[in-house]
Amino acid sequence: QVQLTESGGGLVRVGDSLRVSCAASGGTFTYAMGWFRQAPGKEREFVAGITWNFGSTSYADSVRGRFTISRDNAKNTVSLQMNSLKAEDTAVYYCAARLTPGLPSDPQRWAFWGQGTQVTVSS
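Residues numbered from 1 in each chain as written. Predicted model: local features only at pLDDT ≥ 70, side-chain atom pairs only at ≥ 80, totals over all residues. Heavy atoms only, no water.

## Some remarks on the sheet that holds strand β8 (residues 77-82)
At step 1: Strand order in this open sheet of four strands is β1-β3-β8-β7, and the pairing throughout is antiparallel. Across the chains shown, the open sheet's two edge strands, defined by having one partner strand only, are β1 (3-7) and β7 (67-72). Looking at each pair of strands side by side, their axes are set apart by 15 degrees on average, direction ignored.
At step 2: Sheet analysis places strand β3 (residues 18-25) next to β8, joined by six bridges and oriented antiparallel. Opposite Leu18, over in β8, you have Met82 as the bridge partner. (Pairing = 2+ DSSP bridges. Helix = DSSP H or I, 4+ residues; strand = E, 2+ residues; numbered from the N terminus. Axes fitted to C-alpha atoms, helices over the stretch in contact; angles between N-to-C directions.)

What follows is the structure, given as structure tokens:
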């Protein structure tokens, strides 16, 4: 099993920056970590993903150039630095982990999930 604990959400204004982090524990080897988000009334969508070994990354078009995902292998943590935030970035942000290669955007292909952290961007 893998336990994922997010932190760092909050209320910011348009144009601000915010960093959310996810700590992984449980001892099970995971291949990659990802961030998804879900706004009210919308489906959960892929934001960014990163592999533990080579640090390969993938981003949704809507956040590329504004968000940066990074990992700290020694601490088993993954962070998402969000810059130039927009009102449409408002959502609950979920950390996810998968056991097999790839960084798919389909949330059903990710095995483990955190409880989520709220990010609200006010205009």
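Structure shown, so let's carry the discussion forward.
## Describing the state of the cysteines
At step 1: Applying the stated criterion across every chain, the model contains one disulfide.
At step 2: Here Cys22 pairs with Cys95 through a disulfide, and the sulfurs are 2.0 Å apart. Disulfide Cys22-Cys95: torsion about the S-S bond near -80 degrees, hence left-handed. With Cys22 in strand β3 and Cys95 in strand β9 (residues 91-98), this pair connects stretches of sequence that are 73 residues apart. Take Cys22 and Cys95: they sit in the same class, and that class is buried. (Disulfide = S-S within 2.5 Å. Buried < 20%, exposed > 50% of the residue type's maximum accessible area, 1.4 Å probe, protein only.)

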